[in-house]
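So the chains spell out like this:
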Amino acid sequence: MNKIVEKENFSEKVVKIVVEAPLIAKARKPGNFVIVRVGEKGERIPLTIAGADVKKGTITMIVQKMGVSSQKLCALEAGDYVTDLVGPLGKPTEIHNVGTVLCCGGGVGVAPLLPIVEGYKKAGNKVITVLAARNKDLLILEDEMRKHSDEVIIMTDDGSYGKKGLITEGMEEVIQRENIDECITIGPAIMMKFCSLLTKKYEIPTMASLNSIMVDGTGMCGACRVTVDGKTKFTCVDGPEFDAHKIDFDEMMSRLGGYKSEEQDKMDHFHE
Ligand code: FES
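Residues numbered from 1 in each chain as written. Predicted model: local features only at pLDDT ≥ 70, side-chain atom pairs only at ≥ 80, totals over all residues. Heavy atoms only, no water.

Under an unreviewed UniProt entry, the protein chain has the name Sulfide/dihydroorotate dehydrogenase-like FAD/NAD-binding protein and belongs to Marinifilum caeruleilacunae.

Next comes the structure, spelled out in structure tokens:
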């Protein structure tokens with residue numbers, strides 16, 4: 001059992017949860033995830049570690065209410081307990097001093113991007129971060145990102161904050177004035193696809209983190225299967241990060257749509 005020590009609602013659908021997990025807080029690296037369960041028969045939910053406080057022995061997770069299990073987790077309050085927490089899992093991000101790094105996050109993908117931004121900065125890189133959200137209210141972790149980036153560019157679909165436009169527009173503006181050595185993108189599949197197409201055009205090595213497609217996080221359910229460079233990979237075991245230019249995003253997106261109706265059934269039942 002792990003105690004929730006803090007909870008903050010970022011928006012109607014996105015919640016920040018800080019949980020006691022001293023060993024994970026010590027061992028975690030950027031890119032790692034944990035598996036959380038609420039209730040003895042609860043589903044396993046893989047969540048990226050957005051931050052950790054070694055002194056307090058806590059880790060921070062950002063949860064998006066998607067299905068029944070994440071709804072249950074988001075319904076817990078400070079003082080409540082999650083049934084179990086396993087981690088850190090997944091291969092950590094390979095972070096080196098490469099020069100200038102462009103970090104691009106969209107939606108809740110901004111959460112797993114935060115420790116990576118922090119890691120690149122600590123390694124001595126110049127870090128330029130582009131964050132995208134549908135509107136101002138859905139933008140998360142801006143202050144934390146500013147703390148660890150040399151520059152932050154905000155893009156919103158409706159222009160309610162930052163610049164109006166797509167993440168790729170913000171990225172291209174940076175690419176045209178800076179010499180970018182490496183790029184990382186985390187967000188919805190469609191966003192990562194277009195970020196990847198853009199950096200391919202400019203021949204910038206790019207990593208994409210596919211953590212959002214994991215289901216049980218153990219290599220057994222097969223839900224996180226992706227084709228990378230023509231080979232089958234499992235995001236939870238072989239990733240979550242892959243060379244973005246080699247990911248078959250179209251196949252991934254068609255598979256992601258495959259569970260929509262079952263998920264909706266569960267949700268309808270949950271609300272009854
Ligand atoms: Fe189930 Fe990877 S999340 S196999």
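From this point, the narrative continues.
**Notes on helix H3 (residues 110-122)**
Its 13 residues give H3 an end-to-end C-alpha distance of 18 Å, which sits within 8% of 18 Å, the value for a rise of 1.5 Å per residue. Summarising burial for H3: eleven of the 13 residues are buried, a large majority. Along H3, the residues classified as buried are Val 110, Ala 111, Pro 112, Leu 113, Leu 114, Pro 115, Ile 116, Val 117, Glu 118, Gly 119 and Tyr 120. Remark: Gly 124 follows H3 within two positions and exhibits a positive phi of approximately 95°. (Helix = DSSP H or I, 4+ residues; strand = E, 2+ residues; numbered from the N terminus. Expected span 1.5 Å × (residues − 1). Buried < 20%, exposed > 50% of the residue type's maximum accessible area, 1.4 Å probe, protein only.)

**What to know about a nonpolar patch on the surface**
Taken together, Ile 190, Phe 194 and Leu 197 make up a surface patch of nonpolar side chains, about 280 Å² in accessible area. Accessibility expressed as a relative area gives 47% for Leu 197, which makes it partly exposed. (Patch = residues over 30% accessible without salt bridge, like charges linked within 9 Å, V, L, I, M, F, W, Y side chains within 5 Å. Areas by Shrake-Rupley, 256 points an atom, 1.4 Å probe, with all protein chains shown as cover. Salt bridge = Lys/Arg side-chain N within 4 Å of Asp/Glu carboxyl O.)

**Describing the sheet that holds strand S1 (residues 2-9)**
The seven strands are arranged S6-S1-S2-S5-S4-S3-S7 in an open sheet whose pairing can be described as antiparallel. Strand pairing shows two members of the sheet lacking a second neighbour, strand S6 (81-82) and strand S7 (84-89), which therefore form its edges. Sheet topology places strand S3 (residues 33-37) next to S7; four bridges connect them, and they run antiparallel. Across the sheet, residue Ile 35 finds its bridge partner in S7, namely Val 86. The sheet strands contacting H3 are strand S4 (44-53) and strand S5 (58-64), and the helix crosses S4 at an angle near 40°. (Pairing = 2+ DSSP bridges. Contact = heavy atoms within 4.5 Å. Axes fitted to C-alpha atoms, helices over the stretch in contact; angles between N-to-C directions.)

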